[in-house]
Amino acid sequence: MNRELLRKLPKVDEVLLREDINELIEAHGRAIVVDSLREGIEFYRNKILKDEINSFEKEEVINYSLGIITKKSKPRLKRVINGAGIVIHTNLGRSLLSKEAVESMAMVSESYNNLEYDIEKGARGSRYSHIEDLLKKITGAEGAVVVNNNAAAVMLALNTLCEEKEAIVSRGQLVEIGGSFRVPEVMKFSKAKLVEVGTTNRTHLYDYEDNISENTGVLLKVHTSNFKIMGFTEEVPLEDMVSLGEKYNVPVVDDLGSGVLVDLSKYGFIYEPTVQESVRKGADVVTFSGDKMLGGPQAGIIVGKKEYIDRIKKNQLTRALRIDKMRIAALEATLRTYLDEKEAVKKVPTLSMMLLSTEELKKRAQRLKRKLKDAPNHLEVKISEDYSMVGGGSMPTETMDTVVLKIKSTKLSLVQIENYLRAYEIPIIVRVGKGEVIIDVRTLLEKDYDIIGEAFKGIGEE
Ligand SMILES: *Cc1c(COP(=O)(O)O)cnc(C)c1O
């Protein structure tokens, strides 16, 4: 260890007196600057203690600290480019909002608004009123209420209808959804008692019926969003559960998960049960997410029979799980587009990305390839066909044909390419294939093309 070197390390107080550092304090605040200087000096102190360096310049330490300031003064939550082709990418923020939804969100954030004010009556109003009529109109349900997310919606519905009572659910539907939503855990919090019936692959109507007693609170159906059981399987159709529920006067709760409001089989997708269908078939309460296939903000939407929705609204838990004005604004704007299905498939990004035509995808891939024409020539870029996923635990077996760029390099490994892109100023998230890095154009936005082009210009340098 070199004591001489340790003594040479700059002192925070000294550095703070410098003119250029003062400018940084004005721009970023004193706390960040001081912290960063300490961190930078500490970094060098450790290197000296470990005998990793035997000389340095003071200026070098300060420059290193300035780098930390730049990093620290930028927001942690930032935009990234989704080149992975997963439309509802849970790690990348799930669904993108439509332009209408974003504008509406900004409007209620910047101005006072009638969130809980009835303008006609000049009296207190309900925050749910802004979306309840729309949800009733679109889904055909008698009532609706919206909470923080679908996990909260399920918990709230069970707590209201089934507290200290039994919820009967098929073993095949005791699922775990990403972000650790586990049906049995959620039920524990709701204080409903879980009664598992049937087997993993087969559950029959009599399995439910044999377990109904005076302690039964609800019959629960959970959409196994993120996996499929194949082969020798049987699930009880919703309408049969509804008839059984009516016979014994037990409500049926249907957790749909994804919240599809448009029959996507018209567009060549496998059939996913829609919210409208679940309501039509007589489910008493239906719950679904706002930010999966619906393509809106994070929210848990509960629609169903008026008597149950009214009870849910009165539950004190609803207050704790409520959603804020920004998301109500975004959800209202998103739902409005669904009044006309043609508008919805155009304006809701989740839907429009899913429905992109192969021709359009090809055009986009060619455009991206042109943007990469100035990339260094150790790169090989080719347009290729591949497939994208819906994501968000929706349609797990469904793949969408897509067009991608496949990129490899004679100088860099796939991991190095992937790391470089991920570390870029606006991180570019890609898939790593068997022999290439893959950029799927399905999930790219208009503004992403130039950025990717710029990023590739510098790849593999230094
Ligand atoms: C995604 C999902 C949930 C959880 O919804 P969040 O909005 O993420 O809280 C619950 N149930 C099912 C069936 C789901 O697919």
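Computed from a predicted structure; not experimentally measured. (Residues numbered from 1 in each chain as written. Predicted model: local features only at pLDDT ≥ 70, side-chain atom pairs only at ≥ 80, totals over all residues. Heavy atoms only, no water.)

### Comments concerning the side chain of S65
Then step 1. Mapped onto the elements of the fold, S65 is located in helix 5 (residues 58-72).
Then step 2. From its side chain, S65 meets the backbone oxygen of V61 in a polar contact 3.0 Å long.
Then step 3. If sequence neighbours within four positions are ignored, S65 has contacts with S36, L37, G40 and I41. (Helix = DSSP H or I, 4+ residues; strand = E, 2+ residues; numbered from the N terminus. Polar contact = N/O pair within 3.5 Å; in protein donor to acceptor, adjacent residues only side chain to side chain. Contact = heavy atoms within 4.5 Å.)

### Digging into the environment of I25
Then step 1. Positionally, I25 belongs in helix 3 (residues 19-28).
Then step 2. The class for I25 is buried, based on a relative accessible area of 15%.
Then step 3. Sequence-wise, I25 and D374 are 349 residues apart; in three dimensions their C-alpha atoms are separated by 39 Å.
Then step 4. Sequence-distant contacts of I25, that is, excluding residues within four places in its chain, are made with L16, R30 and V33. (Buried < 20%, exposed > 50% of the residue type's maximum accessible area, 1.4 Å probe, protein only.)

### A look at the packing of aromatic side chains
Then step 1. Counted under the stated rule, the structure contains 5 aromatic pairs.
Then step 2. Relative to Y44, the ring of F43 lies with its centre 5.8 Å away and its plane at 80°, an arrangement referred to as edge-to-face.
Then step 3. Judged by its relative accessible area of 34%, F43 is partly exposed.
Then step 4. Between Y44 and Y64, the aromatic rings sit 5.9 Å apart at their centres with planes inclined by 80°, giving edge-to-face as the arrangement. A residue pair is termed long-range when its members are at least 10 positions apart, and Y44 in helix 4 (residues 30-49) and Y64 in helix 5 qualify at 20 residues.
Then step 5. Owing to a relative accessible area of 8%, Y44 belongs among the buried residues under this scheme. (Phe/Tyr/Trp six-rings, centres within 6.5 Å; stacked < 30°, edge-to-face > 60°.)

### What to know about the pattern of salt bridges
Then step 1. Counted by the stated rule, this structure contains 40 salt bridges.
Then step 2. The shortest N-O distance in the salt bridge between E209 and K247 comes to 2.8 Å. One end of the pair, E209, is in helix 10 (residues 205-210); the other, K247, is in helix 11 (residues 238-248), and 38 residues separate them in sequence.
Then step 3. Residue class for K247 comes out exposed when judged on its relative accessible area of 59%.
Then step 4. With a shortest N-O distance of 2.5 Å, E277 and K281 are connected by a salt bridge.
Then step 5. Taken together, the salt bridges that share partners define one network made up of E100, E343, K346 and K347. (Salt bridge = Lys/Arg side-chain N within 4 Å of Asp/Glu carboxyl O.)

### Here's the deal with the site of the ligand
Then step 1. Around the ligand, the neighbouring residues are R94, N149, N150, A151, I177, F181, H223, S225, D255, G257, S289 and K292.
Then step 2. A151 places a polar main-chain atom, nitrogen or oxygen, 2.9 Å from an oxygen atom of the ligand.
Then step 3. Here S289 contributes a side-chain N or O atom positioned 2.6 Å from an oxygen atom of the ligand.
Then step 4. Burial of the ligand by the surrounding chains reaches 95%, relative to a free accessible area of 380 Å². (Near = heavy atom within 4 Å. Areas by Shrake-Rupley, 256 points an atom, 1.4 Å probe, with all protein chains shown as cover.)

### Overview of the domain arrangement of the protein
Then step 1. Segmenting the protein into domains produces domain 1 (2-72), domain 2 (81-90 + 354-457) and domain 3 (99-347).
Then step 2. Domain 1 and domain 3 are separated by 54 Å when their C-alpha centres are compared. (Domains from an automatic or database assignment.)

### Re the layout of surface pockets
Then step 1. Empty space within the largest pocket amounts to approximately 810 Å³.
Then step 2. Taken together, the elements giving at least two residues each to the lining of the largest pocket come down to strand 1 (81-82) and helix 17 (349-354).
Then step 3. Take the lining of the largest pocket: its biggest share by element is 3 residues, from helix 17.
Then step 4. Here the lining of the largest pocket is composed, by residue class, of 13 nonpolar, 9 polar and 6 charged.
Then step 5. A domain split of the lining of the largest pocket shows at least three residues from each of domain 2 (81-90 + 354-457) and domain 3 (99-347).
Then step 6. Along the walls of the second largest pocket sit 32 residues, with K221, H223, T224, E235 and P273 positioned nearest its centre.
Then step 7. Listing elements by their share of the lining of the second largest pocket, those giving two or more residues are strand 9 (216-222), helix 11, strand 10 (252-257) and helix 12 (275-280). (1 Å grid on protein atoms, 1.4 Å probe; cavity = no way out; pocket = protein on both sides within 12 Å on 5 of 7 lines; lining within 4 Å. Points joined across faces, edges and corners; volume = space filled by probe spheres on them. Nonpolar A, V, L, I, M, F, W, Y, C, P; charged D, E, K, R; others polar.)

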